[in-house]
Amino acid sequence: MKIKRLTICAMMLAIIVVLGLFPPIPLGFIPVPIVIQNLGILLTGLLLRKGEAFTVVAVFLLMVAAGLPFLSGGRGGLTFFFGPSAGYLFAYPICAFLIAWAMEYVPKPNNLFTALIVTFLIGVLLLDGIGAIGMHINIKGMSLASAFKAQLAFIPGDTVKAVAASVVYSLLPLSIIDKK
């Protein structure tokens, strides 16, 4: 891997960690809070190649599992991989990979509209869908239907994050986004 690509990967990992400094916003009716950290996951998928995106997010999750306080609000540890947020965490590397993979086939790089469609479909709908399945599995007594209904609370904020990630992507020089 070239130094430039390694540097961009390290910067994306740092961005995900820094976004974890923002405290989670509890909703009250479900034990999964609103976090800004998934903005970093969307950006990672947009800016990195698919293998890089998956690896960066997987390394982030390994650091969290090791107990480093990198999740939103300074949380970390293995317990989060078995709790209500587990589905979202396990979806992070998958979604980063799929966003990067989809963006490799975009004929015109830096296209705001295309980036927004990809991040919305994968980084919002798929991520929240897998998260809802995780809530259903990890919250005793929560039906799958009620888990999907509860996660609808995340759609507006996650859509704003998809827009923000797409705008940043569209404004960056092509030399940074080089996916070839």
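Before any of the text, the structure's been laid out above.
Residues numbered from 1 in each chain as written. Predicted model: local features only at pLDDT ≥ 70, side-chain atom pairs only at ≥ 80, totals over all residues. Heavy atoms only, no water.

1. Describing the packing of helix α1 (residues 3-19) against helix α2 (residues 38-47)
1) Next: Their axes nearest at 8 Å, the elements α1 and α2 cross at an angle of 165°. What the angle tells us is that α1 and α2 run roughly antiparallel. Here the hand of the crossing between α1 and α2 comes out right-handed. Each of Arg5, Met12, Ile16 and Leu19 in α1 lies in contact with α2, whose residues at this interface are Leu39, Gly40, Ile41, Leu43, Thr44 and Leu47.
2) Next: Across the contact of α1 with α2, the residue classes break down as seven nonpolar, two polar and one charged. (Axes fitted to C-alpha atoms, helices over the stretch in contact; angles between N-to-C directions. Helix = DSSP H or I, 4+ residues; strand = E, 2+ residues; numbered from the N terminus. Parallel < 35°, antiparallel > 145°, perpendicular 65-115°, else oblique. Left-handed = near helix turned anticlockwise from the far one by under 90°. Contact = heavy atoms within 4.5 Å. Nonpolar A, V, L, I, M, F, W, Y, C, P; charged D, E, K, R; others polar.)

2. Quick notes on the packing of helix α4 (residues 86-103) against helix α5 (residues 112-138)
1) Next: Where α4 contacts α5, the axes come no closer than 8 Å and their chain directions differ by 160°. Viewed along their axes, α4 and α5 adopt a mutual orientation that is roughly antiparallel. Our pair here, α4 against α5, has a crossing hand that is right-handed.
2) Next: Class assignment for the residues of the contact of α4 with α5 results in 17 nonpolar, six polar and one charged.

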